[in-house]
Amino acid sequence: MEEDEVFIVSEDPIDFDNDDEILVVGLKELQRNIKNPDKAERLRVRKDQLVVIGDDLESYIRSWNN
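Below you will find a few notes about this structure. The shown structure was predicted, so the numbers you read here are calculated from the model rather than taken from an experiment. (Residues numbered from 1 in each chain as written. Predicted model: local features only at pLDDT ≥ 70, side-chain atom pairs only at ≥ 80, totals over all residues. Heavy atoms only, no water.)

### A word on the sheet that holds strand 2 (residues 21–26)
- The antiparallel open sheet is built from 3 strands, whose spatial order is 1-2-3. Pairing within the sheet leaves two strands with one partner each, and these edge strands are strand 1 (7–9) and strand 3 (42–46). Averaged over all pairs of adjacent strands, the angle between strand axes in this sheet comes to 45 degrees, irrespective of strand direction.
- Note: strand 2 against strand 3, 5 bridges, orientation antiparallel. Note on strand 3: the bridge partner recorded for Val25 is Arg42. (Pairing = 2+ DSSP bridges. Helix = DSSP H or I, 4+ residues; strand = E, 2+ residues; numbered from the N terminus. Axes fitted to C-alpha atoms, helices over the stretch in contact; angles between N-to-C directions.)

Dropping the structure here:
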């Protein structure tokens, strides 16, 4: 996992403690599997290792155009 990669949390993080592992999917991986996103590889990452850059995917993507 690269430091500058963008991941989307695929589970509700509220249900997890900080030392629990949570499933994430890479944005690039989703783009590669645009026709079948269920085939995109999910990774397990400790919740306390995640850095939140946006709470809303739609707003995050719109920010690319600004």
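Back to the write-up after that little detour.
### Comments concerning the pattern of salt bridges
- Here the structure, examined in full by the defined rule, presents 2 salt bridges.
- One salt bridge in this structure joins Asp48 and Arg46, with 2.6 Å as the shortest N-O distance.
- Given the relative accessible area of 34%, Arg46 is considered partly exposed. (Salt bridge = Lys/Arg side-chain N within 4 Å of Asp/Glu carboxyl O. Buried < 20%, exposed > 50% of the residue type's maximum accessible area, 1.4 Å probe, protein only.)

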